[in-house]
Protein chains: 2
Amino acid sequence: MLTTRIVLAQRPHGEPTSQDLPLESAQLPDPTPGQALLETLYLSLDPYMRGRMSDAKSYAAPVEIGQTMVGGTVSRVLQCPGYEFALGDIVLGYGGWQTHSVEQVSGLRHLDLEAAPVSTALGVLGMPGFTAYSGLLTIGKPQPGETVVVAAATGPVGSAVGQIARLKGARAVGIAGGPEKVAILQDLGFDAGIDRRSDDFRARLAEATPDGIDVYFENVGGAVFDAVLPRLNSFARMPVCGLVSDYNTTSLPKGPDRLGLLMRQILSKSLAVRGFIQTEFVEAQFADFQRDMSGWIADGSVGYLEDVVDGLDQAVEAFRGLLRGDNVGKLLIRVSG
Amino acid sequence: MLTTRIVLAQRPHGEPTSQDLPLESAQLPDPTPGQALLETLYLSLDPYMRGRMSDAKSYAAPVEIGQTMVGGTVSRVLQCPGYEFALGDIVLGYGGWQTHSVEQVSGLRHLDLEAAPVSTALGVLGMPGFTAYSGLLTIGKPQPGETVVVAAATGPVGSAVGQIARLKGARAVGIAGGPEKVAILQDLGFDAGIDRRSDDFRARLAEATPDGIDVYFENVGGAVFDAVLPRLNSFARMPVCGLVSDYNTTSLPKGPDRLGLLMRQILSKSLAVRGFIQTEFVEAQFADFQRDMSGWIADGSVGYLEDVVDGLDQAVEAFRGLLRGDNVGKLLIRVSG
C-alpha cells in the first residue's frame, strides 16, 4: 500500500517550512499479525510537535531526519491479519502525518461511534482534554472562589481548563488572541475573557482578576506570563504544560536577565511551579477523566471547538498557524473520509 | 530599664552598613501583666533579615524606619508581673537586635536547660532546622538512592538538609565556600563536598552527581543555581527557601534574559519548584520535627555547628559576613551572659 506522508527532511530554524517538512509518497510494508493497516481519517496537530522537530533535549526523543512526522490519528482499519479489529473499525492511534499507516494493534484503541464524534478522541476526550484535567486538578487544585487564569483559552487545553475550573467553583479568566475568540470564551461560560492583543492587556487582566490569581495554567509563556506573574497570589499554583509562544525562538531574548526575578517571586509568594506531561498521570487518572469528561459533554457543562482543515497537504501551513494562534479550537487535519 | 538596640535608620542600598543600622540606647516600658522583661542572651542572625530591611513586597512586612531590627532571641526572664515565667527562666522569643526587650508572654517558649544547649533553639532545633526538615521532607521528598544537593551546606539549614537526606537513604552533596568548609562537610557525613569557589566548580559538581540531581534545596541562587539547573533530573524537586546570593543586589543583571530558559527546563523536565517559608508547616509538623531532630542529635546522627560572635556592637559586621558566606555554622550574637 502506498502512503502519502510528510517527513522531517531537516530541522527547522524558527518557523517550520515546507522545505523542512516535504510531502512524499512511500510504500508501506504489509501488516503482519499483531499489526493493522489503517487509513487516516483525522490527524491531530499539537504544539508539542514543534519540540519533536528539534534535537534539543526534551521529554521525548526527536523525530529523526527522514522519518514521518509523528502525531495522534483517528483511522479506519483496512487490514488486520490477527483479527484484533474488524475491517472498518475506527481506532485511535499514533499514525503520524500520513494518509495510511501500519501500526501495532497494542497501541490502538477502539472508538465507540455512538459515544461521541470520533474526532473528539484527539481533543476534548483525548490528550489535550486530559492535559487540562490532570494538570488543573492534580497541580492547580482550584478551590471554590479562587481565580484560575489560562491562555490560549479557546484552544483544546485552555477551553477545558476554564470550564473544569468553573465546575470546581472557581472563577475562570481566559486569555485569547482577538475579539472573535474573546466572544467564544463568553459562550463557553468563562467569567471573563481578555484579548491579549489589546493595548491595555495588563489593565484588563488586573480588572478581570480583582482578587489576584490563584492558579495560572501555563501553556503559552512570553508576554502573557509576564503580565500574570505580578498578579499571582501567595501560594498560587502554576501547572506548566507548554510554552507555545516560545517554540519557534532561536536565541535567548536580550536582557536584563529575569531568571533571578522569577526565583524571587517563587520565594516571596511561596509559589508552586510544576512542569508536566499528561502521560505522567494516565495510569492513575485517565479512566476518571473519560468518565467525568464524557459526562460533562453529555450534560452540556463542557463545550468544545474544533478547527478542521481539509487535506494533508495543508498540514504544514496549518501547523505554522497553530504556533501563531490562528486556529480556533482543536486543530485537526481531515486526511480522508 | 534601658536597652541598647540596633534600629533601622534607613533602608540599605546593597550591602547594609552601620549608617543603616546604628546602635542607640532607649528606655523600655515596664512590663504589664501578660508581658515579660527579658535580657537577651543570644540573638540569631539569619539571611531573611535582609528582606525585612527592604520595602519590596515580600512575605513579611518590612521593619519600619526607626524601629528595632527584628530577630529571634534566647533570653533570661528579669521581670514577669503575671508570673507566667519564673525569674531566671530561659525563653525563646523574638526580641530583636537589642540587649533587653519587653515581650508578650504568649510569644515566648520556655527552654529546658537539660535537653540541649539553649542556643540550639535558634538553630538546629529552631527555625533553620525546621526550614530544612519541613522543606526537604514535604517538598523535596528524597527517596533512597536519589541525589540531594544543597548549598551553603555548612550553614544551619544546609547542614541539616544534607544530614536528613542521608538519614532518608539519599546521597547528599554539599556545596560550600572554601576548603575549610568542604572539610567540615566530610565530618558531617556528606557523601561529597564541593568548593563553589574552585575554578572547576561545574566539573566537580558533575563528578559528584553522576546520576544527576533529584532534589536541589535552594537557599542561595546565583552561580550555584546556574550550575545545578542543567544537572536536574526529570521530576526533580526544588524547595526554595532563600536566595542569599541575591539579597544585596540592587538591579537586574544584564542579559540575555533567561526567564524563558528556566521555564523551558521546568517544562521539559517536569520539575517541581516550590517557594516556602517554614511557618507554613509549623502547625502540622513542628512537634514531629522537635521529636525527630532531638532524637537525631541525641544519638549523634545529626551534628551542628555554631558561629558565635560576642557583642551586639558586632552584629552589623557579622550580618554583612553572613550574606557573603563568611560564617561557619549557625551565626549567633552572644549579647549577654
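Note that this is a predicted model, so its numbers are computed, not measured.

Asks: Would you mind showing me how to read the packing of aromatic side chains here?
Replies: Each aromatic ring pair is specified by the distance between its two centres and by the angle formed by the two planes. All names here are of chain A. Counted under the stated rule, the structure contains 20 aromatic pairs over all chains. For the pair phenylalanine 130 and tyrosine 133, a centre-to-centre distance of 6.5 Å together with 25° between the ring planes defines the contact as stacked. In this pair, phenylalanine 130 and tyrosine 133 both sit in helix H2 (residues 127-140), 3 residues apart, roughly one turn of the helix. Each member of the pair phenylalanine 130 and tyrosine 133 is classed as buried. Following the ring pairs from residue to residue traces out a cluster consisting of Phe130, Tyr133, Phe286, Phe289 and Trp296.

Asks: Explain the interface of chain A and chain B to me, please; I cannot follow it from the model alone.
Replies: Accessible area lost when the parts come together is the quantity often used to give the size of an interface. With 39 residues of chain A in contact, the opposing surface of chain B contributes 39 residues. Taken over both partners, the interface formed by chain A and chain B buries close to 3,300 Å², and the fraction arising from carbon and sulfur atoms is 69%. Sorting the residues of chain A by area buried against chain B places Asp257, Leu259 and Leu267 of chain A first, and these three jointly supply 21% of that buried surface. Linking chain A to chain B there are 2 salt bridges. Linking aspartate 257 of chain A and arginine 258 of chain B is a salt bridge whose minimum nitrogen-to-oxygen distance equals 2.7 Å. On the surface where chain A and chain B come into contact, there are 7 residue pairs in polar contact (both at pLDDT 80 or more). If you list the elements that add at least two residues to the side of chain A that touches chain B, you get strand E12 (232-240), helix H7 (259-268) and strand E13 (272-275) of chain A. Counting residues per element, the side of chain A that touches chain B draws most heavily on H7 of chain A, which supplies 9 residues. Of the residues that constitute the side of chain A that touches chain B, the class distribution is 22 nonpolar, 8 polar and 9 charged. Two elements, E13 of chain A and strand E13 (residues 272-275) of chain B, share 3 bridges in a ladder whose sense is antiparallel. Its bridge partner being in E13 of chain B, arginine 274 of chain A is matched across the sheet by alanine 272 of chain B.

Asks: Could you clarify how one ought to interpret the environment of serine 198 of chain B in this entry?
Replies: Structurally, serine 198 of chain B can be placed in the loop between strand E10 (192-195) and helix H5 (201-208). We classify serine 198 of chain B as buried; its relative accessible area is 14%.

Asks: Mind showing me how you'd approach the relation of the copies chain A and chain B here?
Replies: For the pair of chain copies, the relating transformation is a rotation about an axis with a translation along it. In the superposition of chain A on chain B (RMSD 0.0 Å, axial shift 0.0 Å), the rotation amounts to 180°. Read as a symmetry element, the transformation amounts to a two-fold axis. A shared binding surface is used by both copies, with 100% of the interface residues of chain A retained as interface residues in chain B.

Asks: It is not clear to me how the pattern of salt bridges should be interpreted in this structure. Could you clarify?
Replies: Opposite charge on two side chains permits them to pair, given that their charged atoms come into close proximity. Residue and element names in this part refer to chain A. Under the counting rule described, the total for this entry stands at 36 salt bridges over all chains. Aspartate 226 is the partner of arginine 258 in a salt bridge, and the nearest nitrogen-oxygen pair spans 3.2 Å. Residue arginine 258 is located in the loop between E12 and H7, and its partner aspartate 226 is located in helix H6 (residues 222-228); the two are separated by 32 residues in the primary sequence. A relative accessible area of 21% means that arginine 258 is categorised as partly exposed.

Asks: Mind showing me how you'd approach the packing of helix H2 (residues 127-140) of chain B against helix H8 (residues 279-298) of chain B here?
Replies: When two helices pack together, their arrangement is given by the angle between their axes and by how far apart the axes lie. All names here are of chain B. Between H2 and H8, the least distance of the axes is 10 Å, while the angle of their chain directions is 110°. Here H8 runs roughly perpendicular to H2, going by the angle between their axes. Between H2 and H8, the contacting residues are Gly129, Phe130, Tyr133, Ser134, Thr138 and Ile139 on the first element and Phe281, Val282, Gln285, Phe286, Asp288, Phe289, Asp292, Met293 and Trp296 on the second. For the contact of H2 with H8, the class distribution of residues is 9 nonpolar, 4 polar and 2 charged.

Asks: Help me understand the sheet that holds E12 of chain A in this model?
Replies: Two orientations exist for strands paired in a sheet by backbone hydrogen bonds: parallel and antiparallel. A sheet is described by the order of its strands in space; here 12 strands give the open sequence E10(A)-E9(A)-E8(A)-E11(A)-E12(A)-E13(A)-E13(B)-E12(B)-E11(B)-E8(B)-E9(B)-E10(B), paired in mixed fashion. Either end of the sheet is taken by a strand with one partner, and the two such strands are strand E10 (192-195) of chain A together with E10 of chain B. This sheet shows a mean twist of 15° between the axes of neighbouring strands, independent of strand direction. Here H2 of chain A sits on the sheet and contacts strand E8 (147-150), strand E11 (213-217), E12 and E13 of chain A; the angle it forms with E11 of chain A, its principal contact strand, is near 145°. Together, E8, strand E9 (171-176) and E11 of chain A form the strand contacts of helix H3 (residues 156-167) of chain A, whose direction differs from that of E8 of chain A by roughly 170°.

Asks: Can you help me understand the confidence of the model for chain A in this one?
Replies: In the predicted model, chain A carries a mean pLDDT of 96, and 99% of its residues have values of at least 70. Complex prediction metrics read pTM 0.93 and ipTM 0.93.

Asks: Explain the pairing of strand E14 (residues 306-310) of chain A to me, please; I cannot follow it from the model alone.
Replies: Both faces of the sheet carry side chains from a regular strand, because those side chains alternate between them. Residue and element names in this part refer to chain A. With 5 bridges connecting them, E14 and strand E15 (residues 330-334) associate as parallel partners. Along E15, the bridge assignment pairs glutamate 306 with lysine 330. Between the parallel elements E14 and E15, the chain passes through helix H9 (residues 315-324) in a crossover that is right-handed.

Asks: I'm lost on H3 of chain A in this one. Help?
Replies: Counting along an α-helix, one turn takes 3.6 residues, and residues three or four places apart therefore face a common direction. All names here are of chain A. Between the first and last C-alpha of H3 there are 17 Å, a value that for 12 residues agrees with the 16 Å anticipated at 1.5 Å per step. Burial in H3 covers these residues: Pro156, Val157, Gly158, Ser159, Ala160, Val161, Gly162, Gln163, Ile164 and Ala165. Buried residues along H3 sit against H2, E8, E9, E11, helix H8 (279-298) and E15. Count one or two residues on from H3 and you reach glycine 169, which has phi positive near 90°.

Asks: Is there a simple way to think about the packing of H2 of chain A against H3 of chain A in this case?
Replies: Residues and elements named next belong to chain A. Orientation of H2 relative to H3, taken along the N-to-C sense of each, is 45°, at an axis distance of 8 Å. Taken together, H2 and H3 sit at an angle that is classed as oblique. For H2 against H3, the interelement crossing comes out right-handed. Here Pro128, Thr131, Ala132, Tyr133, Leu136 and Leu137 of H2 lie close against H3, whose contacting residues are Pro156, Val157, Ala160, Val161, Ile164 and Ala165.

Asks: Is there a simple way to think about the pairing of E12 of chain A in this case?
Replies: Residues and elements named next belong to chain A. The pairing of E11 with E12 spans 2 bridges and is parallel. Residue pairing for E12: valine 215 is matched across the bridge by arginine 237. Crossover handedness for the path E11 to H6 to E12: right-handed. For the handedness criterion, the β-α-β arrangement of E12, H7 and E13 is classed as right-handed.

Asks: Even after reading the chapter, I still don't get the side chain of glutamate 146 of chain B, so can you show me in this structure?
Replies: Considering the arrangement of structural elements, one finds glutamate 146 of chain B in the loop between H2 and strand E8 (147-150). With sequence-adjacent residues up to four places away left out, glutamate 146 of chain B is seen in contact with Lys141, Ala170, Arg171, Asp214, Val215 and Arg237 of chain B.

Calculation criteria
- Residues numbered from 1 in each chain as written.
- Chains lettered and ligands numbered in written order.
- Predicted model: local features only at pLDDT ≥ 70, side-chain atom pairs only at ≥ 80, totals over all residues.
- Heavy atoms only, no water.
- Phe/Tyr/Trp six-rings, centres within 6.5 Å; stacked < 30°, edge-to-face > 60°.
- Helix = DSSP H or I, 4+ residues; strand = E, 2+ residues; numbered from the N terminus.
- Buried < 20%, exposed > 50% of the residue type's maximum accessible area, 1.4 Å probe, protein only.
- Contact = heavy atoms within 4.5 Å.
- Buried area = accessible area lost by both parts, 1.4 Å probe.
- Salt bridge = Lys/Arg side-chain N within 4 Å of Asp/Glu carboxyl O.
- Polar contact = N/O pair within 3.5 Å; in protein donor to acceptor, adjacent residues only side chain to side chain.
- Nonpolar A, V, L, I, M, F, W, Y, C, P; charged D, E, K, R; others polar.
- Pairing = 2+ DSSP bridges.
- Least-squares fit on C-alpha atoms with pLDDT ≥ 70 in both.
- Axes fitted to C-alpha atoms, helices over the stretch in contact; angles between N-to-C directions.
- Parallel < 35°, antiparallel > 145°, perpendicular 65-115°, else oblique.
- pLDDT = per-residue confidence, 0-100.
- Right-handed = clockwise from strand over helix to strand, strands pointing away.
- Expected span 1.5 Å × (residues − 1).
- Left-handed = near helix turned anticlockwise from the far one by under 90°.

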